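Commentary on secondary and tertiary structure
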Amino acid sequence: MAQLPPGFTTLSTLTTEPLKTPGINVIAMVCDKMEPTTTRKGDITMKFKLVDPSTQDTVSGGNGFAARFFYSQTMADTPKIAQLGDIIMLRGVKLGVYDGNRVLMNNKGNTQWSVFPIAGMPKGEYAVTYMGGKQELPSMRSRTTTTTSISLVEKKYILDLASRFDTLSHAFTRGAGSRVQPAHDPLAVRVSAVRGHDLDVIRVPAVRCHDHDAIRVPAEKRPASGPELNLERRKMQRPGESKKFRLISDIQDYTFADLCVEVVKKWEGDFGCELYVTDYTENTLLLYYKNPSESKDDFGRDGDPYSYTNGFKAGWPGPWGHRVLKVVCKPPHADVANAKVEVGAHVRLTNTKIRLNNVNMLEGTLWPDQRYPGKIYITVLSRGDLVEVQDIVERKRQYYATQSHEVEPVRDSATHDTANRTKSALKRSKKKAKKAAKEAEALAVKEAELEMALAPNQHTRCSDGTIPLSSIATILDSSGERHKEVLPNGRSLILPFVNTNYRAKVQVLDFQPALEDFAVVTDELEDDSMDLSIESSQRWEWNFTLLLHDAKKEGSNPEDCILVNVGHPQAQFLLGNDMPDPANLREQSMLLNKLREKMYILWGNLEEQKAAGADDMPSNRPFECCLSEYGVLKSGGKPENIFDWERQYMLHGLTIL
DNA sequence: GGTTACGGT
């Protein structure tokens, strides 16, 4: 551990220090906190708990050393702790007793604080650059009466403390009985632990970190920064925001629905264009398609799903079960369907009229818009429709993960016509060996070429090289293998998320929203602003989303892609210290240009390609980065309902040099 | 508002 800065006290010393000692200085990690509340007298009070290396192995230190601060009237002075794990530096606090226990208390105007958010903390080698003394630590928020800067020794100590997050955070799990409400932390902050409950009696969603044994329980609170904002913005863009958006599992007779679906089959009939579509959800009011193993008697003993061997008609390409809705497109939609929609495409169908037909099965029809007869209700979804496509693709992955390998479709066939697929399958079966050898050779050449073209990006740095590399498919874990939890009663469930970190070698495929909107205004007021005008009270934060895919993969197929949030601290870390604070990018063209230049290093010609409407793969180089998996409570969800939590990913540890 | 999960136009 780094040297304790002169004038500072360790937490263990405080257990023997005489009471009412004034002028105590402490640097420690926040392991528990309660949001500021108002006392009966009308004062503001807040409580938090601290750990440092001196307390981590002691029984009494296990729950952290309590601090209780009081303020009269205004919240403006209270320490702004973003999440558990933040490092707080306190000067001029005093020792008091509260409820019979020692606590640190503030001392009116004499107490100064600085908070160093763990989320933006440089790690590993990168931390060294901060030790030179010139660079300020990122995202520092403070309330000091003087403008004393942080000394080199203090900086070192703070960074060292932050680097011990994994060890110190074990203390976070012991606060289960505390009345203090732990904050939810997207970046794997440990909260109270429960284990061995039946699902029915689990009060809070339990998540298990794959590298630890303890079950972790996200607390009630939503993340205070980036992730929450990002979720909110994503929600705005989700198909679910459309009032009529329905999953196929939710459609009902005599309604109109907006659907986001994959086209499984297309038929240009006399009465319009029929689209057979799925979003990989089930609705028992749809026709049941038998899967190949169920219908083996229909096609001969071997259960050959595509009838490679007997030349009979091809079977249904899947998905099977009650998952496919027939939608009849009337003019003018039929013309668009015929011309633009291919089997395997993802489409949005607006205002689909849902009816039970004469054999009591649901089907959809797209009729002309009554007010604007030329209006088209079909939109082919593309890379730009990240969320919609991702949702379908993710459900597809999960669906096929439960199917046997024999019926799993060839990945890259998703964009091909079904008929072509079955025909080529037939051919393949005849010339299999010869073709396979040729293909393998071609593939090897192509991969070698790709290898040359995709040398790693020399202009990025990943702060943590210790986490083993994972593929995107592994991280997404569509089979649920790593998210499976077996309960003591033998039942098992797949957890919506686990708090854990990964490292991956990836490339950027897309981003969201437009670059001009990478900075968003937050509601939070700039608390030390003396200027009361609206503009100066607006606080801007970075907040955007990247679509990443495994390095070396080609094709614009969105499978094996991962949507990754970049919150404010992560973006600050990404963009580095020479990037000014975020502001309205639609007004600050200099800042926008600077951001554009930075991001170009990461994503190459992606922005230009998007602007040109090109759907080709962008040209950019792979890089390594850390991704953390976390959960957020769905809008309107109940924290105690495990399935009300949604899995999300956050980029971190990446810096563009 | 045509008829049924094919039809292979």
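Residues numbered from 1 in each chain as written. Chains lettered and ligands numbered in written order. Predicted model: local features only at pLDDT ≥ 70, side-chain atom pairs only at ≥ 80, totals over all residues. Heavy atoms only, no water.

To continue, consider the overall build of chain A. Looking only at helices and strands, one finds 15 helices and 26 strands in chain A. Expressed as a percentage of the 657 residues in chain A, the buried residues total 51%. A separation threshold of at least 6 residues defines the contact pool for chain A, and within that pool the share at least 24 residues apart is 72%. Total accessible area on chain A is roughly 31700 Å²; 51% of this is exposed by carbon and sulfur atoms. (Helix = DSSP H or I, 4+ residues; strand = E, 2+ residues; numbered from the N terminus. Buried < 20%, exposed > 50% of the residue type's maximum accessible area, 1.4 Å probe, protein only. Contact = heavy atoms within 4.5 Å. Areas by Shrake-Rupley, 256 points an atom, 1.4 Å probe, with all protein chains shown as cover.)

As for its position among the elements, Ile642 is in the loop between β24 (623–633) and β25 (645–652). With 147 residues separating them in the primary sequence, Ile642 and Leu495 have C-alpha atoms 7.5 Å apart.

What follows is about the packing of aromatic side chains. Scanning the model with the defined rule gives 10 aromatic pairs in all. Ring centres of Phe518 and Trp603 lie 6.0 Å apart, and the angle between their planes is 90°; on these two criteria the pair is classed as edge-to-face. Of this pair, Phe518 sits in the loop between β19 (500–512) and β20 (519–522) while Trp603 sits in helix α14 (residues 589–603), and the two are 85 residues apart along the sequence. Residues Phe518 and Trp603 agree in their burial class; the two are buried. Members of the aromatic cluster, connected to one another through ring pairs, are Phe511, Phe518, Phe544 and Trp603. Above the ring of Tyr254, the side-chain terminus of Arg355 is found at 3.8 Å from the ring centroid. The lysine or arginine in question, Lys610, covers the ring of Phe511, its NZ or CZ lying 4.4 Å from the ring centre. (Phe/Tyr/Trp six-rings, centres within 6.5 Å; stacked < 30°, edge-to-face > 60°. Lys NZ or Arg CZ within 6 Å of the ring centre and 35° of its normal.)

Two side chains carrying opposite charge are able to pair once their charged atoms lie near each other. Here the structure, examined in full by the defined rule, presents 12 salt bridges. For the salt bridge of Asp160 with Arg164, the shortest nitrogen-to-oxygen distance reads 3.4 Å. Using a relative accessible area of 25% as the deciding quantity, one classes Arg164 as partly exposed. A salt bridge links Arg323 to Glu282; the nearest nitrogen and oxygen atoms lie 3.5 Å apart. With Arg323 in the loop between α6 (296–299) and β12 (325–329) and Glu282 in the loop between β11 (272–278) and α6, this residue pair connects regions lying 41 residues apart in the sequence. Here Arg323 falls in the buried class, since its relative accessible area comes to 14%. Here Glu282 falls in the partly exposed class, since its relative accessible area comes to 45%. Members of the salt-bridge network, linked through shared partners, are Glu516, Arg596 and Glu607. (Salt bridge = Lys/Arg side-chain N within 4 Å of Asp/Glu carboxyl O.)

Most of β19 is tucked away, with 11 of its 13 residues classed as buried. In the sheet, β19 pairs with β24 via seven bridges, with the strands oriented antiparallel. Looking across to β24, one finds that Ala504 is bridged to Cys625. (Pairing = 2+ DSSP bridges.)

Taken together, 17 residues lie near DNA strand B, and Glu274, Tyr276, Lys353, Asn358 and Trp367 sit nearest. When atoms of DNA strand B within 4 Å of the protein are sorted by moiety, sugar and phosphate together comprise 11%. Between Trp267 and DNA strand B, the recorded distance is 3.3 Å, taken from a side-chain N or O atom to a base nitrogen. Between DNA strand B and Glu363 there is a distance of 3.1 Å, counted from a base oxygen to a side-chain nitrogen or oxygen. At the level of elements, β10 (255–269), β11 and β12 are the ones that each hand at least two residues to the surface near DNA strand B. (Near = heavy atom within 4 Å. Polar contact = N/O pair within 3.5 Å; in protein donor to acceptor, adjacent residues only side chain to side chain.)

So, on to the confidence of the model for chain A. Averaged over every residue, the pLDDT of chain A is 74; the share at 70 or more is 68%. Note that pLDDT drops below 50 for residues 173–240; the model gives that stretch 190 contacts with residues more than four away or on any other chain. Here residues 298–312 scores under 50 on pLDDT; set against residues more than four positions off or in separate chains, the count is 21 contacts. (pLDDT = per-residue confidence, 0-100.)

Another aspect to go through is α14. In this model α14 runs 20 Å from its N-terminal to its C-terminal C-alpha over 15 residues, within 8% of the 21 Å that 1.5 Å per residue would give. Of the positions making up α14, those classed as buried are Leu591, Leu592, Leu595, Lys598, Met599, Leu602 and Trp603. Along α14, the residues classed as buried sweep out an arc of 130° about the axis, all on the same side. Residues of α14 that are exposed and point over 90 degrees away from its buried face: Met590 and Glu597. Trailing α14 by a residue or two, Gly604 shows a phi angle of about 60°, which is positive. (Expected span 1.5 Å × (residues − 1). Arc of directions from axis to C-beta.)

Position of Ala551 among the secondary structure elements: in the loop between β22 (544–550) and β23 (561–566). Along the primary structure Ala551 and Ala504 are separated by 47 residues, whereas in three dimensions their C-alpha atoms are 8.7 Å apart. Not counting residues up to four positions away in its chain, the partners in contact with Ala551 are Lys505, Val506, Gln507 and Pro622.

This part is about the state of the cysteines. A full pass over the atoms with the stated rule returns zero disulfides. With no disulfide of its own, Cys626 lies closest to Cys462 among cysteine sulfurs, the gap being 3.7 Å. What makes Cys626 buried here is its relative accessible area of 0%. (Disulfide = S-S within 2.5 Å.)

With that settled, the discussion passes to the pairing of strand β6 (residues 112–116). Buried residues dominate β6, accounting for five of its five residues. Every second residue of β6 is oriented toward a common face, with Gln112, Ser114 and Phe116 on one face and Trp113 and Val115 on the other, all of them buried. Where strand β4 (residues 87–98) lies against β6, five bridges are found, and the strand directions are antiparallel. Each residue of the ladder has a partner; that of Ile88, found in β6, is Val115.

Locating Gly374 in the fold gives a position in the loop between β14 (362–366) and β15 (378–380). A residue is classified by how much of its surface remains accessible, and Gly374, at 56% relative accessible area, is exposed. Sequence separation between Gly374 and Pro332 is 42 residues, and the spatial gap between their C-alpha atoms is 6.5 Å.

This paragraph deals with helix α13 (residues 568–575). The element α13 is largely enclosed, with a buried count of eight among its eight residues. Looking one or two residues beyond α13, the residue adopting positive phi is Gly576, at roughly 85°.

Together, Lys20, Lys41, Lys94 and Lys108 line one region of the surface with positive charge. Mapping Lys41 onto the fold places it in the loop between β1 (24–38) and β2 (44–51). (Patch = residues over 30% accessible without salt bridge, like charges linked within 9 Å, V, L, I, M, F, W, Y side chains within 5 Å. Lys, Arg positive; Asp, Glu negative; His and termini not counted. Charge placed at Lys NZ, Arg CZ, Asp CG, Glu CD.)

With that settled, the discussion passes to unusual backbone geometry. In the segment running from Gly318 into Pro319, the intervening peptide bond is cis, with an omega of 5°. Following the sequence through the fold, Pro319 ends up in the loop between α6 and β12. The amide bond that connects Gln512 to the next residue, Pro513, takes the cis arrangement and shows omega of -5°. Relative to the helices and strands, Pro513 is located in the loop between β19 and β20.

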